[in-house]
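This is what each chain is made of:
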Amino acid sequence: MSYRVGYFVGSLSSTSINRILAKAVIRVAPDDLEFTEIPIRDLPLYSQDYDADFPPEARALKDAIAAADAVLFVTPEYNRSIPGALKNAIDWASRPWGQNSFDHIPAAVIGASIGQIGTAVAQQSLRGVLSFCNARQMTAPEAYIHFSADVFGEDGSVSNADTEQFLRTFMSEFRDHVQRVLTVLPR
Ligand code: FNR
C-alpha cells in the first residue's frame, strides 16, 4: 500500500529555495509515498463571490486535494508569516462553506529560510490556519531549515549527512503519521 501526498510549495519564485527543499525531502522519503505538486500559481485572489461557481483553477485545486491521502506544505516565511499566495490557496481550498478540502486530512509543514530561525514563525502561523481547517497535523518532529547553497544542490541533493538524515527521519515520521491518521479516518 502506498500513500499519495499532494505537496504545496509556498513560493512562486523561479529560484525558490523551498522548491529545492521539496525536491530534497522527496528524494529521502519512504518508497511508499507518491508525490504530486498541487499548483497555486494561477489561482485568482479568493472572494466569496466565487462560492457559487468556482473557476477551473480552484476546482483543480480542490480535486487535487481530494485525490491525495495527505498534504505536505513546504513554505518560505514572508514578513514573519505565510506567503500570500499560499494563504490564498488555503482560503480557496477551505471553501465553499461546508466543503473544506482539509477536513481531517493528514498534513505536515516544513520550510527553508536564509534567516537563522528557518521559517519557525511562518510555520506557527500556518499551523494555526491548518488547525482551524481541521487538518490532522504532524506536531513533531518540527523542521526549520536554515538554507545554505553549500548543503542543498538544485536537484535536491543534500551534501551534509546530518541534514540528510534529519530530513529522512522527518519524512519517515510523516509517513507513519499519515498511516496512523488514515487508520482512524480513512479518506
Ligand atoms: C523574505 N525573507 C524572510 N526570511 C525570513 O527568515 N523571515 C522573514 O520574515 C522573511 N520575510 C521575507 C519577506 C519577503 C517579501 C521576501 C521576498 C523574503 C527572505 C526569504 O527567506 C528568502 O527570500 C527565501 O529565499 C524565500 O524562499 P523561496 O521563495 O526562495 O522559497
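Keep in mind that this is a model prediction, so the values were computed, not measured.

### Some remarks on the overall build of the protein
Phase 1 of the analysis: The secondary structure content of the protein amounts to 5 helices and 6 strands.
Phase 2 of the analysis: Secondary structure elements in the protein, listed N-terminal to C-terminal, are β-α-β-α-β-α-β-α-β-β-α.
Phase 3 of the analysis: Expected size for 187 residues packed as a compact globule is a radius of gyration near 16 Å; at 16 Å, the protein falls within 12% of this value.
Phase 4 of the analysis: Across the 187 residues that make up the protein, the buried fraction comes to 37%.
Phase 5 of the analysis: Considering only intrachain contacts with a sequence separation of at least 6, the fraction spanning at least 24 residues in the protein is 81%.

### Here's the deal with the pairing of strand E1 (residues 3-9)
Phase 1 of the analysis: Most of E1 sits out of view: 5 of its 7 residues are buried.
Phase 2 of the analysis: Across 5 bridges, the pairing between E1 and strand E2 (residues 33-37) is parallel. Its bridge partner being in E2, Gly6 is matched across the sheet by Thr36.
Phase 3 of the analysis: Between the parallel pair E1 and E2, the chain is carried across by helix H1 (residues 17-28), and the sense of this crossover is right-handed.
Phase 4 of the analysis: One ladder, built from 5 bridges, connects E1 with strand E3 (residues 70-74); its direction is parallel.

### Digging into the packing of H1 against helix H5 (residues 161-184)
Phase 1 of the analysis: H5 packs onto H1 with a crossing angle of 70° between their chain directions and a minimal axis gap of 8 Å. Put simply, H1 runs roughly perpendicular to H5. Contacts between H1 and H5 involve Ala24, Val25 and Val28 on the former and, on the latter, Glu164, Leu167, Arg168 and Met171.
Phase 2 of the analysis: Taken together, the residues that form the contact of H1 with H5 break down as 5 nonpolar, no polar and 2 charged.

### Quick word on helix H2 (residues 56-66)
Turn by turn, an α-helix covers 3.6 residues, leaving residues three or four places apart pointing in a common direction.
Phase 1 of the analysis: The complete set of buried residues in H2 reads Ala58, Leu61 and Ile65. Summarising the axial view, the buried residues of H2 lie within an arc of 55°, below the 170-degree limit, and thus occupy one face. In H2, the exposed positions angled more than 90 degrees off the buried face are occupied by Pro56, Arg59 and Asp63.
Phase 2 of the analysis: Turning to H2, the residues buried within the fold contact E1, E3 and helix H3 (84-93).

Conventions used here
Residues numbered from 1 in each chain as written. Predicted model: local features only at pLDDT ≥ 70, side-chain atom pairs only at ≥ 80, totals over all residues. Helix = DSSP H or I, 4+ residues; strand = E, 2+ residues; numbered from the N terminus. Rg over C-alpha atoms; globule rule 2.2 N^0.38 Å. Buried ≥ 20, exposed ≤ 12 C-beta atoms within 10 Å, placed from the backbone. Contact = placed C-beta atoms within 7 Å. Pairing = 2+ DSSP bridges. Right-handed = clockwise from strand over helix to strand, strands pointing away. Axes fitted to C-alpha atoms, helices over the stretch in contact; angles between N-to-C directions. Parallel < 35°, antiparallel > 145°, perpendicular 65-115°, else oblique. Nonpolar A, V, L, I, M, F, W, Y, C, P; charged D, E, K, R; others polar. Arc of directions from axis to C-beta.

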